[in-house]
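Architecture and fold: a report
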Amino acid sequence: MKKLLLALSAVAAITGSANAADLAARPYTKAPPPVAPAYNWTGFYIFGGGGGGIWDADQHTQTTVGAVPLTIDQRQGGDGWFGTVGLGYDWQFNNSWVVGVFADGQFGSLRGSLSDAFNGITGRIKLQDSWAAGVRFGYLVAPNVFSYVNGGYSGSHWSGSTLVDNFSGLPVGLHTDSFNRNGWFVGGGVENSLNIFGLTAPGWFMKTEYRAAYYDKKAVDERFDGTNVLFGDSVTFKPLVQTVSTSLVYRFNWTGPVVAKY
């Protein structure tokens, strides 16, 4: 009987040790670190906004036939405000780089002077609208902040003018017709998400952009009122237009950051 009790005690001791070993603490495994938010800039967007601009143009008077200069170049200029709308498509690559294509239009009134120094007359001329199509390329300085440069082709429409005497300001019976000029532009800007300062605005962005547009030279003919017959003199006009605009942007594919799950 004593031998049986000793055997049972030994079995119980061995079993208890095995169970204790099974209940020992398992090695600690650290959870993987969370993945930083990854924004996707690839997709279509539209925008609209406004801004201000200035232009200047070297002008001189010349004969309409033969283009014989009658005065030296003088620089005239203008300024004003405009609205803008546009659309585009971006591709994000290499994590932090974005390239895209876009087109936009600007509508407003950048007013200045067209001056015929030879005949002592002048008129008011306005940049009424322009359009641009180009590419932009830049770097994500933060996941939701894009700094870029852009460039491309641009067109512009300029108003006609009523010519008046430089001294009296009275009409002299002459005018110029409206015309179009084409050229190219360069610029740059910054675009950022509006999910800032505690606001939640998925898909909404704001961009601020500078642009310089260089347009081809135009000989603006002076014409008699009523008949539109050529007067005989023209004013050369080669404008540089500089603008700064701020726009609201809506990106259709923007759903916010992709957060890792585990």
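Placed above this text is the structure.
This report concerns the structure included in the present document. (Residues numbered from 1 in each chain as written. Predicted model: local features only at pLDDT ≥ 70, side-chain atom pairs only at ≥ 80, totals over all residues. Heavy atoms only, no water.)

1. Some thoughts on the overall build of the protein chain
For the record, the criterion: Working definition: helices are DSSP H or I runs of at least four residues, strands are E runs of at least two. Numbering for both runs from the N terminus. With a 1.4 Å probe rolled over the protein chains alone, any residue whose accessible area is under 20% of its type maximum counts as buried; one over 50% counts as exposed, and the rest are partly exposed. Here, residues are in contact when the closest pair of their heavy atoms is within 4.5 Å. For the area figures, the Shrake-Rupley method with a 1.4 Å probe applies, and any residue is considered shielded solely by the protein chains shown.
Per the secondary structure count, the protein chain includes one helix and 12 strands. The linear arrangement of helices and strands in the protein chain, starting from the amino end, is α-β-β-β-β-β-β-β-β-β-β-β-β. Within the protein chain, the proportion of its 262 residues that are buried is 38%. In the protein chain, the share of contacts with a sequence separation of at least 24, taken over all contacts with a separation of at least 6, comes to 70%. If you sum the accessible surface of the protein chain, you get close to 14,800 Å²; carbon and sulfur atoms cover 64% of it.

2. A few points about the side chain of R211
To be explicit about the condition: Two N or O atoms count as a polar contact when they lie within 3.5 Å, although within protein this holds only if one can serve as hydrogen donor and the other as acceptor, and sequence-adjacent residues are included solely when both atoms are side-chain atoms.
Note that R211 resides in strand β10 (residues 204-215). Within the structure, R211 has its side chain in polar contact with the side chain of D104 (distance 2.8 Å). Discounting residues that sit within four places of it in the chain, R211 has contacts with F102, D104, Q106, A132, N150, F185, V186, G187, V241, Q242 and T243.

3. Notes on empty space enclosed by the protein
To keep things clear, this is the line we draw: Only protein atoms enter the 1 Å grid, on which a cavity is a set of points fitting a 1.4 Å probe that cannot get out and a pocket is an open set with protein on both sides within 12 Å along at least 5 of 7 lines, lining residues being those with an atom within 4 Å of a point. Grid points are joined across faces, edges and corners, and a volume is the space filled by probe spheres set on the points. For this scheme, ten residues count as nonpolar: Ala, Val, Leu, Ile, Met, Phe, Trp, Tyr, Cys and Pro. Four count as charged, namely Asp, Glu, Lys and Arg, and the remainder, Gly too, count as polar.
Evaluation of the coordinates by the stated rule reveals five cavities of 30 Å³ or more. The wall of the largest cavity is formed by D104, Q106, S130, W131, A132, S154, F185, R211, A213, Y215, V241 and T243. Within the residue set of the lining of the largest cavity, elements represented by two or more residues are β4 (97-116), β5 (121-142), β10 and β12 (230-251). For the lining of the largest cavity, the per-class residue count stands at six nonpolar, four polar and two charged.

4. A short note on the environment of T61
Locating T61 in the fold gives a position in strand β2 (residues 61-63). A residue is classified by how much of its surface remains accessible, and T61, at 0% relative accessible area, is buried. In this structure, the C-alpha to C-alpha distance between T61 and S234, residues 173 residues apart in sequence, is 5.7 Å. Those residues in contact with T61 that sit more than four places away from it in its chain are V68, P69, L70, T71, S115, D116, A117, F118, D233 and S234. Looking at T61, its side chain comes within polar contact range of the side chain of D116, at 2.8 Å.

5. Details of the layout of surface pockets
Each pocket or cavity is described by its volume, and for the largest pocket that value is around 160 Å³. For the lining of the largest pocket, the secondary structure elements donating two or more residues are β1 (43-59), β10 and β12. Looking at the lining of the largest pocket, the element that brings in the most residues is β12, giving four residues. Of the residues contributing to the lining of the largest pocket, the split by class is five nonpolar, one polar and six charged.

6. Some points on the packing of aromatic side chains
The geometry of an aromatic ring pair comes down to the distance between the two centres and the angle between the two planes. Under the convention used in this document: We call Phe, Tyr and Trp rings a pair once their centres come within 6.5 Å, taking the six-membered ring for Trp, and we label the pair stacked below 30 degrees between planes, edge-to-face above 60, and tilted otherwise. In our convention, an over-ring charge means Lys NZ or Arg CZ found within 6 Å of a ring centre and within 35 degrees of that ring's normal.
By the definition in use, this model includes 20 aromatic pairs. With 5.6 Å between their ring centres and 55° between their planes, W41 and F146 make a pair best called tilted. Placement of W41 in the loop between α1 (2-22) and β1 and of F146 in strand β6 (residues 145-158) is noted, with a sequence separation of 105 residues between them. By the burial criterion, W41 is buried, and F146 matches it. Taking the centre distance of 5.4 Å and the plane angle of 35° together, the rings of F146 and Y148 count as tilted. This pair shows no difference in class: F146 is buried, exactly as Y148 is. The ring of F185 has R211 sitting right over it, with the charged end atom 4.7 Å from the ring centre. Here the basic side chain of R251 rests over the ring of F205, its NZ or CZ set 5.7 Å away from the ring centre.

7. A short note on the pairing of β4
So the rule is basically this: DSSP bridges decide pairing: two strands pair if at least two such bridges lie between them.
Strand direction decides the pairing type here: strand β3 (residues 74-93) and β4, joined by 16 bridges, are antiparallel. The residue of β4 that forms the bridge with L87 is A103. What sits between the antiparallel neighbours β3 and β4 is a turn of three residues, in which N94 has the positive phi angle 55°. Hairpin connection from β4 to β5: four residues lie between these consecutive antiparallel strands, with G120 at a positive phi of about 65°.

8. Here we look at the nonpolar core
Let me state the cut-off plainly: Definition of nonpolar core: a set of buried residues of the types Ala, Val, Leu, Ile, Met, Phe, Trp, Tyr and Cys, connected through side-chain atoms within 4.5 Å.
Among the nonpolar cores identified, the biggest contains 29 residues, and W41, W55, I125, W158, F237 and V241 are the most heavily contacted of them. Within the residue set of this core, elements represented by two or more residues are β1, β4, β5, β6, β9 (179-193), β10 and β12. The contacts of I125, once residues within four sequence positions are left out, are W55, L110, R111, G112, S113, L114, W158, S159, F179 and F237.

9. Re a nonpolar patch on the surface
Heads up, the rule is: A patch consists of residues exposed above 30% relative accessible area that lack any salt bridge, with like charges linked at up to 9 Å and nonpolar side chains (Val, Leu, Ile, Met, Phe, Trp, Tyr) linked at up to 5 Å. By salt bridge we mean one thing: a side-chain nitrogen of Lys or Arg within 4 Å of a carboxyl oxygen of Asp or Glu.
A cluster of nonpolar side chains, contributed by W91, F93, W97, V99, V101, V135, F137, Y139, V141 and V149, occupies part of the molecular surface with about 870 Å² of accessible area. Elements represented by at least two residues in the nonpolar patch include exactly β3, β4 and β5. Along the chain, W91 falls in strand β3. The class for W91 is partly exposed, based on a relative accessible area of 40%.

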